[in-house]
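# Structure assessment
If you want the building blocks of each chain, they are given just below.
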Amino acid sequence: MADPSKTDDSERIFSELLSPSELFAARSRSRKLPVRGQKDFYPSGCTQQKQRLQNSLDEHWELVSEERVERLGNLVRGIWNPSDQIVELQSPAGKFWQTMGFSVDGKQCLQPEEALYLMECGNLQVFHRDLPLSIQEGYETFLSSSQLSLQQYQVFGHLKRLGYVVSRFHASSVPSLYERQLNLPPSRDRGANQLKRKRSPSPEATATVASSPRPSEKQEDSTNPSSAQDKATNHSEPSAAQQPIPEGRRPPADDDVTGRNWWSDGLVPPEQQQDGGPSHGGPTSRWDFLSIQFPDLGARDTPGPLAPPDPALLPGAMAVGVCSVSSWLRRLNTWREKQPGGKQRRRREEEEERARRRTGPDREVQGCRSWAEYRRIMERRRKGSRRSDSKPAHLWEKDVTPLHDPRQGTSTAELLEKISVVKPSRWADKSCSVEAVGTWQISFDVHQPAVNTEFRKSSPGMPYSRMCVCSFDGPVPALGELQHVSQQSGDVPVTMAVVDHGDISFYTFKHFLLPCDLPQ
Amino acid sequence: MTEAAFLAPRRRATVYEAYEAPFPVPRSDAEAMRCRESVYRADLVNQQVLVRDPAHIELLYGQGYFGKGILSRARPDYSLSDRWQEFEGRQIPVISKARYEQLLSWRRDYLLSKGMDEEAVNQILVRLSEPIEPAAESEEAGLAQTEDSSQKKRKRSSSTDEQRRKYCPYQDRQHTDPAPRTGSSPVDDSSPVADSSPVADSSPVADSVLDSAPGTDSAPEYVLVEGDSDEEEGGSEVNQGGVRRLPFSTTEVLQLTLEEAFFLVYALGCLSVHHNQKPLSISELWGRFRGVQPGFESSYAAYHYYRSRAWVPKPGAKYGAHFMLYRKGPPFYHASYSVVVEQVRSSGASLRPFTWRSLAALSRITANVSKELMMCYIIYPADLSEAELTSPLSLHRLTVQEVVIKRWISSRERAELDDI
């Protein structure tokens, strides 16, 4: 940071402190940014263009080589700790403490990328072995570790300059499946919160119908935390307000060894899972929601038809058969399409449609005027229905036959189900073994800019997104790697930050299931 | 990772067509009884699947938007002209003189390539290009029965094509087959009738009654050639307008992509593909298609999956993708997704290896045309061997995973509007 005007050797050490005139000059520097002009698309070779280019390059260079002038008192002192790879602050932190930094043993500390960013902003001066680090030395020292690469720092700096709150990603901050099922309030300070009301465990996983083993292991998980929580509530029972225990409650363990089910079979997970739950000093409510299974009709994989309910629950001599839910499921998320045209046209079309519906879609039938005519038409058709073409042998008598016979009329919905041979897979299913995991790590959590939202470092909440940094020259992630990274992140979407020598582009890869578009 | 949000497809501003059916198969027993043939015919010619029968073309495109007419932009509605006029109770196209001469020259090239000498060719052409009289009703076997027209295979565009064209002024009239009686040559070249203006020639003979026999393939087609505005009397025949025989006809053929053809054969059972007049079975077809197109099993699995979700995939070469997905069909909605098919296999070959550069380019293109880029991963189970893939039943074991790729702009204004 030598002042170029002072060439005297003896004053070299003090050249960083500016004389009043220099300070005034520095302060009153023009703050204008160079104007971006029109792009030239190809080199025309004329001197004017070259001159223009040279001018803008010179301006650029001047800006970049500008000295930065700061008040000594504004600079926060920090000390670099190479063993822990953090910077410890000696003087109290400024405004940046709201969103950056962390406390260790009462001392304020910064991560190396935060320290380097603050150094570049001119808020921080880091000392190492009693000497202040220059920006270049800062880059060299802080970014040499395996934890922080130059590309990650570039992404960090880019996002910070736009105002986002960026912090390091810790895998432990992602709640595991177990924690999510406990559904605890997100509080950092434990011990203070006493549950005013006993919370029943959220039966998150009890409703899935799929026959894969995952729901069954979820069942096990759900019975365990419920038992753990029951123990906890038993402790807090005397002090907490609780629901009145109904009089006629009988211990659920005896009769309901198999669990109480509304449906006699079909949706119930294997019975041995249920033994764990009720026997552990069971819930205080009359209904044991652990063992009552509600079918999740909104789940992605269509559940089979609902089995009839337990006849013991039905009044009298009512017999209820199997309930098919496929027609209801088809109606989910569908809506009537809007036809183009004015209201009158729509009304006319509706009337026509109503008239058509009375007689059916058959044009000939619509045209006939008496029952005798109708019968004649049907007779004629029946005779003519002896098909001229039979099943083509080369299709139907070989080893592979078509999925559908076009000679039978089938509604569109049934036809679509018939030909749904290639099934969609679930995102959580691992498609293939993951080999190159090391390259795809989540680096940062990104939160929305702190100006609008209230951001508390102690409880930052769910991040807006998580960043995974990679190089532009590197490979594009394959499906297995995407799944791995998204699993690491939990519920938060992951953005790929692709760094191309300082130029950063962001791409999101999100899984998707195309909705089925059933025509009416 | 959160799931990508589904954006409703954008409807087109004006829709000229009505939606018929999602697939060219009957949807009820009544419909099944009404349609005469349930299996359409296609031919495998030079590794292309072509459908030639006009009725089949109509049904295959109209219900499900399969294929593309080779002479048209998308819907096979090629016709010689946009304007039609009535002549002897039927519609004939109106073409310009330049076009007529172009057709004559094509005819000439065709005849020369057959090995006929110039003299004979010229004579034939002169006879061919004589104007036709509307009043002549003689049954003489005119020039239309010459060997040249009978040699050619003639498949005319179907009558209903005309009805779809919005410029055709006679939309409610049925275009019937041409009468078997041939337009005979005029008795006298220099008769005053021949010199009359085109308008008089084409004046409809309103009471002409067509013969009941349906037109044969060798019946001639007529065109109305527009003469010059400054035509003179006594000029040569070709320079004047008038009704003439069609010298060269081009027929519209529907071309199906391999995936569409296999879907119609295998999933719907309504198409049968013939090669050298021999019908092919499903396994043979699968083997042939796999040989022609590498990665056919993955792209077909994706095609089959999208069809079974009732979306219409069309070839996406225009936008650098494998498919473009339309809801209901191209005439109704703009395409919502650009699909790139990728296979996830233990053998590791990638159908379309991406670098960040090419991904950025494709993402840019897709965003510019307001679509969303979707990667469709076809996941092969680890124990699926190469031998099993020779049978189309291996499709039942494949699964599909879709991933939507979007670019996120990090600048603050966007962040408030967009959602990751």
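Residues numbered from 1 in each chain as written. Chains lettered and ligands numbered in written order. Predicted model: local features only at pLDDT ≥ 70, side-chain atom pairs only at ≥ 80, totals over all residues. Heavy atoms only, no water.

## So, the overall build of chain B
Selection rule: Secondary structure elements are taken from DSSP: a helix is a run of H or I of four residues or more, a strand is a run of E of two residues or more, and numbering for both begins at the N terminus. Relative accessible area decides the class of each residue, using a 1.4 Å probe on protein chains only: under 20% of the type maximum gives buried, over 50% gives exposed, and in between gives partly exposed. Throughout, a contact is declared for two residues whenever any of their heavy atoms are within 4.5 Å. Accessible surface area values rest on a Shrake-Rupley calculation with a 1.4 Å probe, where residue burial reflects the displayed protein chains alone.
In terms of helices and strands, chain B carries 13 helices and 15 strands. Taken over 420 residues, chain B has a buried fraction of 50%. Pairs at least 24 apart in sequence give 68% of the contacts found in chain B among residues at least 6 apart. Carbon and sulfur atoms make up 50% of the accessible area of chain B, which amounts to about 19000 Å² in all.

## What to know about the interface of chain A and chain B
Quick note on the threshold: Joining two parts hides part of their accessible area as seen by a 1.4 Å probe, and the buried area is that hidden amount summed over both. Every case where a carboxyl oxygen of Asp or Glu lies within 4 Å of a side-chain nitrogen of Lys or Arg is listed as a salt bridge. The definition of a polar contact used here is a pair of N or O atoms within 3.5 Å, where within protein one atom must be able to donate a hydrogen and the other to accept one, and adjacent residues in sequence count solely through side-chain atom pairs. Asp, Glu, Lys and Arg are counted as charged, while Ala, Val, Leu, Ile, Met, Phe, Trp, Tyr, Cys and Pro are counted as nonpolar; the rest, among them Gly, fall into the polar class.
With 83 residues of chain A at the interface, the matching set in chain B holds 87 residues. Of the roughly 7800 Å² buried where chain A meets chain B, counting both sides, 61% is carbon and sulfur surface. The largest share of the area that chain A buries against chain B comes from A:Val422, A:Phe512 and A:Leu514, three residues that together contribute 11% of it. Counting every contact that joins chain A to chain B gives one salt bridge. Where B:Arg327 meets A:Asp517, a salt bridge forms, and the shortest distance between an N and an O atom there is 3.1 Å. On the surface where chain A and chain B come into contact, there are 22 residue pairs in polar contact (both at pLDDT 80 or more). Contributing elements (two or more residues each) for the side of chain A that touches chain B: α5 (150-162), α14 (393-396), α15 (412-419), β8 (423-424), β10 (465-471), α16 (479-489), β11 (494-500) and β12 (503-512) of chain A. Here the side of chain A that touches chain B takes eight residues from β12(A), the largest share from any one element. Of the residues that constitute the side of chain A that touches chain B, the class distribution is 42 nonpolar, 26 polar and 15 charged.

## Here we look at helix α2 (residues 54-62) of chain B
Within α2(B), the full set of buried residues consists of B:His56, B:Ile57, B:Glu58, B:Leu60, B:Tyr61 and B:Gly62. Among the residues trailing α2(B), B:Gly64 stands out with phi positive, at a value near 115 degrees.

## Brief notes about the sheet that holds strand β10 (residues 278-279) of chain B
Residues and elements named next belong to chain B. Quick reminder of the rule: The rule for pairing is simple: two strands pair if DSSP sees at least two bridges between them.
Pairing is mixed across the open sheet formed by six strands, whose spatial order is β3-β8-β2-β1-β9-β10. Sheet topology places β3 (68-69) and β10 at the edges, where each strand pairs with a single neighbour. Looking at chain direction, strand β9 (residues 271-275) and β10 are connected through two bridges and run antiparallel. Along β10, the bridge assignment pairs His274 with Pro279.

## So, the sheet that holds strand β7 (residues 242-245) of chain B
In any sheet, the strands associate via hydrogen bonds between backbone groups, in a parallel or an antiparallel arrangement. All names here are of chain B. Heads up, the condition is: Angular values range over 0 to 180 degrees, each being the angle between N-to-C directions of two axes fitted as lines to C-alpha atoms, with helices fitted over their stretch in contact.
Strand order in the open sheet formed by four strands is β4-β5-β6-β7, and the pairing between neighbours is mixed. At either margin of the open sheet sits one strand with a lone partner, and together these are β4 (84-87) and β7. Going across the sheet, the axis of each strand differs from the next one's by a mean of 45 degrees, ignoring polarity. Note: strand β6 (residues 222-225) against β7, four bridges, orientation antiparallel. Bridge assignment links Leu224 to a residue of β7, and that residue is Val243. Together, β5 (90-95), β6 and β7 form the strand contacts of helix α3 (residues 97-113), whose direction differs from that of β5 by roughly 95 degrees.

## Overview of unusual backbone geometry
Residue and element names in this part refer to chain B. One non-glycine residue, Ala310, adopts positive backbone phi at about 65 degrees. By the secondary structure assignment, Ala310 is in the loop between α11 (296-308) and β11 (311-315). A relative accessible area of 14% places Ala310 in the buried class.

## Side note on the pairing of strand β2 (residues 86-89) of chain A
Residues and elements named next belong to chain A. Residues of β2 alternate between two faces, with Ile86 and Glu88 on one and Val87 and Leu89 on the opposite face, all of them buried. Inspection of the sheet shows strand β1 (residues 76-81) paired to β2 by four bridges, in the antiparallel sense. Bridge pairing in β2 links Asn81 to Ile86. Hairpin connection from β1 to β2: four residues lie between these consecutive antiparallel strands, with Gln85 at a positive phi of about 55 degrees. Pairing geometry for β2 and strand β4 (residues 107-110), over two bridges, is antiparallel. Its bridge partner lying in β4, Val87 is registered against Leu110.

## Quick notes on the packing of aromatic side chains
Residue and element names in this part refer to chain B. Short version of the rule: In summary, the pairing rule links any two rings of Phe, Tyr or Trp, Trp by its six-membered ring, whose centres are within 6.5 Å, and it sorts them by plane angle into stacked for under 30 degrees, edge-to-face for over 60 and tilted for everything else.
As enumerated under the stated definition, the model contains 33 aromatic pairs over all chains in all. A centroid spacing of 6.1 Å and a plane angle of 20 degrees characterise the contact between Phe66 and Phe263, whose relative ring orientation is stacked. Of this pair, Phe66 sits in the loop between α2 and β3 while Phe263 sits in helix α9 (residues 258-267), placing them 197 residues apart in sequence. Ring geometry for Phe262 against Trp286: centres 5.2 Å apart, planes inclined by 45 degrees, an arrangement best described as tilted.

## Here we look at the confidence of the model for chain B
Residue and element names in this part refer to chain B. To keep it simple, the criterion reads: Here pLDDT means the predictor's own confidence in every residue, given as a number from 0 to 100.
With 73% of its residues at a pLDDT of 70 or more, chain B has an overall mean of 76. Across residues 136-218, where pLDDT falls below 50, the model places 134 contacts with residues more than four positions away in sequence or in other chains. A low-confidence stretch, residues 229-239 stays under pLDDT 50, and its non-local contacts, those more than four residues away or across chains, total 18 contacts. With pTM at 0.67, the complex prediction returns an ipTM value of 0.71.

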